[in-house]
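# Close look at the chain arrangement
This is what each chain is made of:
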Amino acid sequence: MSDENKIILEARGLKAEISGASILKGLDLCVRAGEIHAIMGKNGSGKSTFSKVVAGHPSYAVTDGKLEFLGEDLIELAPEERSKKGIFLGFQYPIEVPGVTNGAFLRLAFNSIQAARGGDELDPLEFDDFIQEKLKLLKMDAGFLDRSLNEGFSGGEKKRNEILQMAILEPKLAILDETDSGLDIDALRIVANGVNAIHSDDDAIILVTHYQRLLNYIEPDFIHVMEGGKIIKTGTKELALELESKGYDWVVDEYKAKAA
Amino acid sequence: MRDIADKFLASVLSKTDRYSSEIPILRTIRDQALRKLTPGALPITTDESWRYTDLRSLYGLNLSSVSESQQIDEQILQSFRLPEATDFVVTVDGIFSEKYSSTLSDKEFSILSNARANPAGIQVALGKALLGTLEDRFGDGFSALNSSGARDIILVTVNGESALERVIQVLNVNTKKDVFSCPRILFDCGVGVEATLIEDSLNIGGYRYFTNNVVELFVRENAKVDHIQLQREDLDSFFISNSFVNIERSGTYRSWAISCGAKLSRHNPHVYLGGNGAHADLKGLALCDKGRVSDTHSTLYHAEAHTSSRQTHKNIAADQARVVFNGKIKVFKDAQGTDAAQQSRSLLLSNRASVDAKPELEIFADDVKCAHGATIGQINDEELFYLKARGIDDRTARSLLNYAFARDVLDDLPIKSLLPSIEENIRALTSF
């Protein structure tokens with residue numbers, strides 16, 4: 001990856017809190033077009049918070065630092081505005097909404113994004129044609145569209161449904177928050193293949209994960225270790241293997257030693 | 001407050017004393033009602049079942065009744081006719097309108113009118129046997145006021161003679177300010193017959209009126225009745241409705257009471273499970289915003305063995321709205337094997353909206369299953385964030401969640417053509 005590539009997301013000294021508790025404590029990250037980043041770290045290190053802050057979750061307040069998407073300040077934007085600009089958050093726990101069919105929801109989301117991009121909105125029949133290819137990509141059958149959004153979906157089905165949404169919405173930046181958790185090996189492969197097929201040189205992906213396993217299927221360009229609300233180490237994919245065998249503590253120790 | 005209630009009663013009675021029909025049954029129910037309508041007959045907030053709903057604003061009105069049916073733009077009227085309806089019956093300010101109504105069969109349908117001579121035939125005999133029986137037994141001051149003040153009474157008996165399953169739509173239209181009307185229906189669904197009754201109450205032109213509605217409904221052995229009550233009155237109006245239902249052996253009654261309009265609305269369904277194996281399924285949806293009040297007081301009477309009931313009541317309250325649900329279930333001593341389940345769920349869309357929800361069980365039998373539950377909550381922020389994170393704007397996301405909340409009341413609504421209007425009302429709650 002070259003430094004010439006367009007910067008998609010840039011965080012500098014980013015601080016954020018929830019209900020007065022500070023979680024992000026000066027996070028730096030630069031993501032360029034075409035890149036895949038993985039953010040790893042222990043529970044409570046702030047990984048999921050970072051995902052939500054980028055997507056605009058209203059419970060988190062940014063208190064300091066800069067957060068830009070394609071050169072534009074994100075901090076004041078509502079989540080739906082961020083989504084329309086091309087930010088996608090794949091949820092760790094996708095929400096069930098009984099009574100709203102998956103198909104109607106997907107079309108509504110698609111048309112919202114299309115309208116924002118000045119593209120054509122699709123009626124139900126056109127959308128039905130459009131979505132068939134995407135369903136195949138995730139090995140989902142059309143019956144998924146008639147079910148209530150995520151209601152009664154297995155863990156794997158929910159995660160596939162998230163990637164289906166990513167495939168439909170074609171974001172510039174996809175943050176996948178623990179998309180691999182709760183997946184068996186077959187589902188993991190399907191999800192990873194889907195992500196790889198969607199990814200191109202124009203967009204970027206941030207994988208938030210505990211485990212190295214996902215990275216066997218989606219190869220990251222950079223691996224970041226988060227601890228105490230900051231990124232304390234950045235490396236290449238070999239770092240993931242090292243973390244897998246040695247744990248996180250040595251990275252933390254190394255960071256502390258450096259800081260001292 | 002008792003004074004103004006009594007003054008209101010006297011004033012309303014004075015407006016209807018011109019009804020002195022020659023038809024004996026009308027005289028009978030009128031006299032019966034008048035005997036009850038003495039001072040104190042209309043409720044005030046010190047009455048237990050009215051403590052959450054203050055009628056002072058109604059009692060302060062000076063109302064009149066009309067004696068002539070108003071002309072209405074036929075096109076507007078027809079736009080309310082549901083495609084599923086086999087029979088279309090229109091009342092205008094409480095007066096039956098022959099001109100706008102169309103019914104399949106005279107044998108099954110007729111009008112008892114204070115303004116007309118005695119009609120002949122089986123309908124009248126039916127009226128004589130049934131009219132007022134349930135109202136007299138289960139009713140209150142307002143239903144008695146209807147018995148004394150209804151000008152025209154719609155009699156429907158469905159006996160299964162016609163091959164077509166009957167879907168009878170009664171459209172109660174209000175057109176005038178400061179008028180009170182007393183729509184009244186007697187519906188008799190014969191043994192083994194399936195039929196649908198839709199009551200749709202709305203306004204064309206008028207505002208700040210008072211509708212005092214009563215329906216008596218008889219579900220005969222093995223009969224199956226679907227009953228839809230859609231209240232979409234003017235937002236300055238008052239709406240009080242009493243439904244009395246008697247279900248005989250193995251009969252099934254399903255109802256959907258959807259309350260969208262009125263400044264103050266009160267609905268009292270009384271459902272009497274009076275035969276072995278009778279079943280009732282009550283669904284209610286109250287949509288309320290601004291400073292409006294929507295109150296439902298339902299009573300299910302499990303009078304016989306092996307009767308069952310299901311009740312789902314949903315409230316959505318926005319702005320400073322006030323919603324009340326009181327669900328009483330009475331299980332009589334002989335009603336062994338009763339199986340009743342009631343749930344009420346309320347969604348508060350603002351900090352100033354309020355809900356009072358109360359299940360009330362009176363059980364005198366010992367072999368009984370009686371489940372009840374009530375929840376009150378707000379829109380879930382995580383659900384909202386999820387939808388917005390997909391580019392869906394705040395208003396659309398909220399109305400989706402409201403619709404999702406209401407959907408189990410609407411899922412099996414048999415008259416699908418009503419859904420767009422109800423959905424529109426759900427959306428309207430989110431337009432702030």
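To start, this report covers the structure provided alongside it. (Residues numbered from 1 in each chain as written. Chains lettered and ligands numbered in written order. Predicted model: local features only at pLDDT ≥ 70, side-chain atom pairs only at ≥ 80, totals over all residues.)

Counting secondary structure elements, chain B contains 10 helices and 20 strands. When the 432 residues of chain B are sorted by exposure, 51% land in the buried category. For chain B, restricting intrachain contacts to residue pairs at least 6 apart in sequence, the fraction spanning at least 24 positions comes to 83%. (Helix = DSSP H or I, 4+ residues; strand = E, 2+ residues; numbered from the N terminus. Buried ≥ 20, exposed ≤ 12 C-beta atoms within 10 Å, placed from the backbone. Contact = placed C-beta atoms within 7 Å.)

Each helix and strand in chain A was counted, giving nine helices and 12 strands. Taking 18 Å as the expected radius of gyration for a compact globule of 260 residues, we find that chain A reaches 18 Å, a close match to that expectation. When its C-alpha atoms are laid out on the principal axes, chain A stretches across 65 × 40 × 40 Å. Counting all 260 residues of chain A, 44% fall into the buried class. (Rg over C-alpha atoms; globule rule 2.2 N^0.38 Å.)

With that settled, consider the sheet that holds strand 3 (residues 36–41) of chain A. All names here are of chain A. In space, the six strands of this open sheet follow the order 6-9-10-3-11-12, with mixed pairing throughout. Only two strands of the sheet have a single neighbouring strand rather than two, namely strand 6 (87–90) and strand 12 (230–235). Averaged over all neighbouring strand pairs, the angle between strand axes comes to 20°, with direction disregarded. One ladder, built from five bridges, connects strand 9 (residues 173–177) with strand 10 (residues 204–208); its direction is parallel. Bridge pairing links Leu 173 to Ala 204 in strand 10. (Pairing = 2+ DSSP bridges. Axes fitted to C-alpha atoms, helices over the stretch in contact; angles between N-to-C directions.)

If you look at the interface, chain A gives 21 residues, while chain B gives 16 residues. Residue assignment for the side of chain A that touches chain B shows that the elements contributing at least two residues are helix 2 (79–85), strand 7 (97–101) and helix 3 (102–117) of chain A. Here the element with the most residues in the side of chain A that touches chain B is helix 3 of chain A; it accounts for five residues. For the side of chain A that touches chain B, the class distribution of residues is 14 nonpolar, five polar and two charged. (Nonpolar A, V, L, I, M, F, W, Y, C, P; charged D, E, K, R; others polar.)

All names here are of chain A. In space, the four strands of this open sheet follow the order 2-1-4-5, with antiparallel pairing throughout. Strand pairing shows two members of the sheet lacking a second neighbour, strand 2 (21–32) and strand 5 (72–73), which therefore form its edges. Both strand 1 (residues 7–18) and strand 4 (residues 60–69) contribute to a ladder of eight bridges, which runs antiparallel. Paired with Leu 9 across the strands is Phe 69, a residue of strand 4. Relative to the sheet, helix 1 (residues 47–55) contacts strand 1, strand 2 and strand 4, its axis offset from that of strand 2 by approximately 70°.

Taken by themselves, the reported measurements are silent on function.
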